[in-house]
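Each chain, letter by letter, is given below.
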Amino acid sequence: MLRRSLISLMAAICLLFPVYSAESGVGADTDGVLPRIYTEEEQELVPADALALEDEDTAMAYLFLTSYSLMMEGKGEGGLLCFSDQGEYIAGFRMEGTPEDFFMDIPASTLFVPYALPTQLCAALFAGLDDVESVSRLKEYYDNGGLSCMLVTVLQIEEETVSEDPVYSLARRRIERSAAASGLDIGPFYEAYASRGITETDLVNSFLQGKKTANDIALDAIRIIKENSETVPAMAKAMPVFGIIGIVLGMIAIAVAVAGMIIARKASAEKNDAVDSDSLDDAGSDENEEN
């Protein structure tokens, strides 16, 4: 089953990321190649104990698939190395954030997973990692009769990590690359869609079902950001009016409070005067009675 999953992943890469030509280095966009609908709960792969799998080949396939998936997501440190069927180095990919000397002094806990594959599939795997240079080298190797290669995933992870579904991850990366190519930062890109109630999963499903290309999604994000920015000045223009109204209301409230205090004090003073007057009248009456 895992071997079939690995083959499905490679087929998805071939469809979503066509092998880059040595001349252009550009992959074609796709429409609806994988009519799969994802939900928020389906994006994570269920962890498995590779040592408990049915045989060594299945375990290697599982580890290779998982390592490659994590590389696509940019999780951990390491990369993907490619050797010819004679053991000669052909090409390599180093993950972003991985030290330049990583492969010269590899940590002891690093996971190595070798896997032999046809050259064209190897090129597709490097294309999925946006490594145009390695794809070009593999194309040259294939043109010279090299039909197979040995790929080695080299991955170092320091903390617990959860991997996305591989096909979902490929589609998400394709969308994010288009957004970046359009001059959008990833954070504001997703925030723009979130302001319209559209999630990352909605975007991936729209791409996989062929409803929108990655370029369409990027252009729509630019339109939403523009519309949102036009809404802010309109609100800003109304703010001075609201500010003036607030000041007037505040002044009225203060005036009412002061007037209330004055009235209360006046009433209290009149009451005290009345009491004092009554006291004097009573005192006069008492003196008359004594006389």
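Residues numbered from 1 in each chain as written. Predicted model: local features only at pLDDT ≥ 70, side-chain atom pairs only at ≥ 80, totals over all residues. Heavy atoms only, no water.

J.: Any chance you could explain the overall build of the protein here in plain terms?
T.: A count of helices and strands for the protein gives eight helices and four strands. Its helices and strands taken in sequence order, the protein reads α-α-β-β-β-α-α-β-α-α-α-α from the N to the C terminus. For the protein, the residues scored as buried account for 34% of the 291 residues in total. Counted over contacts in the protein with a minimum sequence separation of 6, partners at least 24 positions apart contribute 76%. Total accessible area on the protein stands at roughly 17300 Å², and carbon and sulfur atoms take up 57% of it. (Helix = DSSP H or I, 4+ residues; strand = E, 2+ residues; numbered from the N terminus. Buried < 20%, exposed > 50% of the residue type's maximum accessible area, 1.4 Å probe, protein only. Contact = heavy atoms within 4.5 Å. Areas by Shrake-Rupley, 256 points an atom, 1.4 Å probe, with all protein chains shown as cover.)

J.: Whenever I open this one, the environment of Q156 confuses me. Can you help?
T.: Mapped onto the elements, Q156 comes out in strand β4 (residues 148-156). Here the alpha-carbon distance between Q156 and T98, two residues 58 residues apart in the chain, equals 9.6 Å. Look past the residues within four positions of Q156 in its chain and what remains in contact with it is G76, E77, F102, P107, S109 and T110. Reaching out from Q156, the side chain makes a polar contact with the side chain of S109 at a distance of 2.9 Å. (Polar contact = N/O pair within 3.5 Å; in protein donor to acceptor, adjacent residues only side chain to side chain.)

J.: Looking at this structure, how should I read unusual backbone geometry?
T.: The phi torsion of most residues other than glycine is negative, and most of the peptide bonds are trans. Although it is not a glycine, D130 adopts a positive phi angle of roughly 65°. Mapped onto the elements, D130 comes out in the loop between α3 (119-128) and α4 (132-143). What makes D130 partly exposed here is its relative accessible area of 31%.

J.: How do you make sense of the environment of T161 when you look at a structure like this?
T.: Relative to the helices and strands, T161 resides in the loop between β4 and α5 (166-181). Relative accessible area serves as the criterion here: at 32%, T161 is assigned to the partly exposed category. Those residues in contact with T161 that sit more than four places away from it in its chain are L70 and K75.

J.: Help me understand the nonpolar core in this model?
T.: Note on soluble globular proteins: their nonpolar side chains tend to be buried together. Of all hydrophobic cores here, the largest spans 28 residues; its most connected members are L80, F126, L138 and L151. Broken down by secondary-structure element, the contributors of at least two residues to this core are α2 (56-72), β1 (77-84), β2 (89-94), β3 (111-118), α3, α4 and β4. In terms of residues, this core owes the most to one element, α2, which gives six residues. Residues within four places of F126 in sequence aside, it is in contact with L80, C82, A91, G92, F93, D131, S134, V135, L138 and L151. In this structure, A171, A179, V204 and F207 belong to the second largest nonpolar core, which totals 18 residues. (Core = buried A, V, L, I, M, F, W, Y, C linked by side-chain atoms within 4.5 Å.)

J.: Hey, could you run me through the confidence of the model for the protein in this one?
T.: Low pLDDT means the predicted atomic positions in that stretch should not be read closely. Of all residues in the protein, 63% have pLDDT values of 70 or greater, and the mean over the chain is 75. Throughout residues 14-35 the model reports pLDDT below 50, and contacts reaching past four residues in sequence, or to other chains, amount to 58 contacts. Below a pLDDT of 50 lies the segment residues 44-48, which in the model reaches nine contacts outside its immediate sequence neighbourhood of four places, other chains included. (pLDDT = per-residue confidence, 0-100.)

J.: Would you mind showing me how to read the pairing of β2 here?
T.: Both faces of the sheet carry side chains from a regular strand, because those side chains alternate between them. With five bridges connecting them, β1 and β2 associate as antiparallel partners. In the sheet register, L80 faces β2, and the bridge partner there is F93. The loop that links β1 with its antiparallel partner β2 comprises four residues; one of these, G87, has a positive phi angle of about 85°. (Pairing = 2+ DSSP bridges.)

J.: Teacher, can you tell me more about the pattern of salt bridges here?
T.: Two side chains carrying opposite charge are able to pair once their charged atoms lie near each other. Under the definition given, this model contains nine salt bridges. In this structure, R172 engages E176 in a salt bridge whose closest nitrogen and oxygen atoms are separated by 3.3 Å. Within this pair, R172 and its partner E176 are both found in helix α5, separated by four residues, close to a single helical turn. Accessibility expressed as a relative area gives 11% for R172, which makes it buried. By relative accessible area, which is 17% here, E176 ends up buried. With a closest N to O distance of 2.9 Å, D220 and K212 form a salt bridge. Judged by its relative accessible area of 33%, K212 falls in the partly exposed class. Overlapping salt bridges, with partners in common, bring together D130, R173 and R177 in one network. (Salt bridge = Lys/Arg side-chain N within 4 Å of Asp/Glu carboxyl O.)

J.: What exactly am I supposed to notice about the packing of aromatic side chains here?
T.: To describe a pair of aromatic rings, you give the distance between the ring centres and the angle between the ring planes. Per the counting criterion, the structure on display carries five aromatic pairs. For the ring pair F83 and Y89, a centre distance of 5.9 Å and an interplane angle of 70° mean the geometry is edge-to-face. Looking at Y89, the relative accessible area reads 48%, which means it is partly exposed. In this structure an aromatic cluster arises from ring pairing among F189, Y190 and Y193. (Phe/Tyr/Trp six-rings, centres within 6.5 Å; stacked < 30°, edge-to-face > 60°.)

J.: What should I look at first to understand the sheet that holds β3 in this one?
T.: Hydrogen bonds between backbone groups are what pair the strands of a sheet, and the pairing can be parallel or antiparallel. Read from one edge of the open sheet, four strands run β2-β1-β4-β3, paired in antiparallel fashion. The sheet is open, and its two borders are formed by β2 and β3, each paired with just one other strand. Across the sheet, the mean angle separating the axes of adjacent strands is 20° when strand polarity is ignored. Docked against the sheet, α2 engages β1, β3 and β4, running at close to 100° with respect to β3. Against the sheet, α3 contacts β1, β2, β3 and β4, and its axis sits at roughly 130° relative to β3. (Axes fitted to C-alpha atoms, helices over the stretch in contact; angles between N-to-C directions.)

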